[in-house]
Amino acid sequence: MPDPAHPFRAFTPFRRAAYRAGPAPRRQFLPREFIVPLLDAAAARLPLLDAPDLDWTLARRVHDPAFLHRWQDGQVTREEERALGFPWSSAVVERSLSSSGATLSATTDALRLGLGINLGGGTHHAYADHAEGFSFLNDVAISARWLLDTAQASRILILDLDVHQGNGTATIFQGEPRVLTVSMHAQGNYPFRKEISDLDVALPDGTGDGVYLSSLNHHVAPVVAAFRPDFAFYLAGADVLEGDQLGKLALTSAGLRARDDLVYRWAAQSGVPLVSVMAGGYHRDPATLIAARLGTLDSALGAYAPAAFT
């Protein structure tokens, strides 16, 4: 049974039919047969709720309506499919709507409880007018725009610690002073033409725990502190781990846990509502990836436990 000592819950798109039917669209993704044990282990920690679909009107506040209409109807080119990374299907649209809906639901939880969790999400390569890098809808950008439009936040941090730069997010919020986009990523990795975030920390291939955590403390933390966010999104990518198929960094499991602890403890102790999304993770060993995802979840729950404030 989930721990009744905390009020938190997680939303997941992974129980939707679009995720259950057929093989994963890319061989690097977590195989279908490993999703069930991941969700079962997460459900032992906190309640899991199925992700609702995002309302298309909210997507249109961030994405070009003509682009969305073509993708809804499947009127996409082979070139666009290559940019996405796999062929279009109605399941692609359903997965994107449910994942974005989960992030929006987690956002409302964060406003109410201080912490919101999506066991998915983090599609940060989606631009306003085109799809890239496994990303059709930019779920975090959509929820951040909703917060601004409804005046429920005025200084939003998007802390992107996926191994890949959040290029789509960077362009969507260029020139928006109410959103601070921070991306700490592998310099030599996708996307090979980087965009300009408000803060980019590009790390060389093979960066391990020490340099990574030092960069987070000495380059990222002061900028975040100076910005003084009143809401935060955290893209907790596990693709920074050594052995990830699409990553070029070399964090250990202990280093990843230390990174997560730093972020969640900062948010909990500073009182900044935070939404956690999982973002990338493509480890060669599914068991390692599952352990990393559960470690991120444990880190979040541990930071917000009553004992953490005593």
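Residues numbered from 1 in each chain as written. Predicted model: local features only at pLDDT ≥ 70, side-chain atom pairs only at ≥ 80, totals over all residues. Heavy atoms only, no water.

(A) Expanded view of the overall build of the protein chain. Across its full length, the protein chain carries 11 helices and eight strands. For 310 residues, the compact-globule estimate of 2.2 N^0.38 gives 19 Å, and the C-alpha radius of gyration of the protein chain, at 18 Å, lies within 12% of that figure. Once the C-alpha set of the protein chain is aligned to its principal axes, its extents read approximately 55 × 45 × 40 Å. The buried share of the protein chain, reckoned over its 310 residues, is 57%. Counting only carbon and sulfur atoms, one obtains 55% of the accessible surface of the protein chain, whose full area is about 12,500 Å². Within the protein chain, one finds 27 positive and 33 negative side-chain charges whose respective centroids are separated by 1 Å. (Helix = DSSP H or I, 4+ residues; strand = E, 2+ residues; numbered from the N terminus. Rg over C-alpha atoms; globule rule 2.2 N^0.38 Å. Buried < 20%, exposed > 50% of the residue type's maximum accessible area, 1.4 Å probe, protein only. Areas by Shrake-Rupley, 256 points an atom, 1.4 Å probe, with all protein chains shown as cover. Lys, Arg positive; Asp, Glu negative; His and termini not counted. Charge placed at Lys NZ, Arg CZ, Asp CG, Glu CD.)

(B) Spatial organisation of helix H11 (residues 286–303). An ideal rise of 1.5 Å per residue puts 26 Å on 18 residues; H11 measures up with 26 Å between its terminal C-alpha atoms. The element H11 is extensively covered by neighbouring structure, given that 13 of its 18 residues are classed as buried. (Expected span 1.5 Å × (residues − 1).)

(C) The packing of aromatic side chains, seen in detail. If you walk through the whole model with that rule in mind, you get nine aromatic pairs. Ring centres of Phe231 and Phe233 lie 5.2 Å apart, and the angle between their planes is 50°; on these two criteria the pair is classed as tilted. For the pair Phe231 and Phe233, a shared accessibility class is recorded, and that class is buried. Aromatic rings pair up to connect Phe67, Trp71 and Phe136 into one cluster. The ring centre of Phe227 lies 4.5 Å from the NZ or CZ of Arg155, which sits over that ring. (Phe/Tyr/Trp six-rings, centres within 6.5 Å; stacked < 30°, edge-to-face > 60°. Lys NZ or Arg CZ within 6 Å of the ring centre and 35° of its normal.)

(D) Main features of the nonpolar core. Membership of the largest hydrophobic core comes to 53 residues, with the highest contact counts inside it found for Tyr212, Val220 and Leu274. With eight residues, H11 is the largest single contributor of residues to this core. Once residues within four sequence positions are removed from consideration, Leu274 is found in contact with Ala110, Gly114, Leu115, Gly116, Ala232, Tyr234, Val263, Tyr264, Trp266, Ala267 and Tyr304. Counting 39 residues, the second-largest nonpolar core is a separate cluster that includes Val92, Val93, Leu148 and Ala153. (Core = buried A, V, L, I, M, F, W, Y, C linked by side-chain atoms within 4.5 Å. Contact = heavy atoms within 4.5 Å.)

Purely geometric numbers; function is a separate question.
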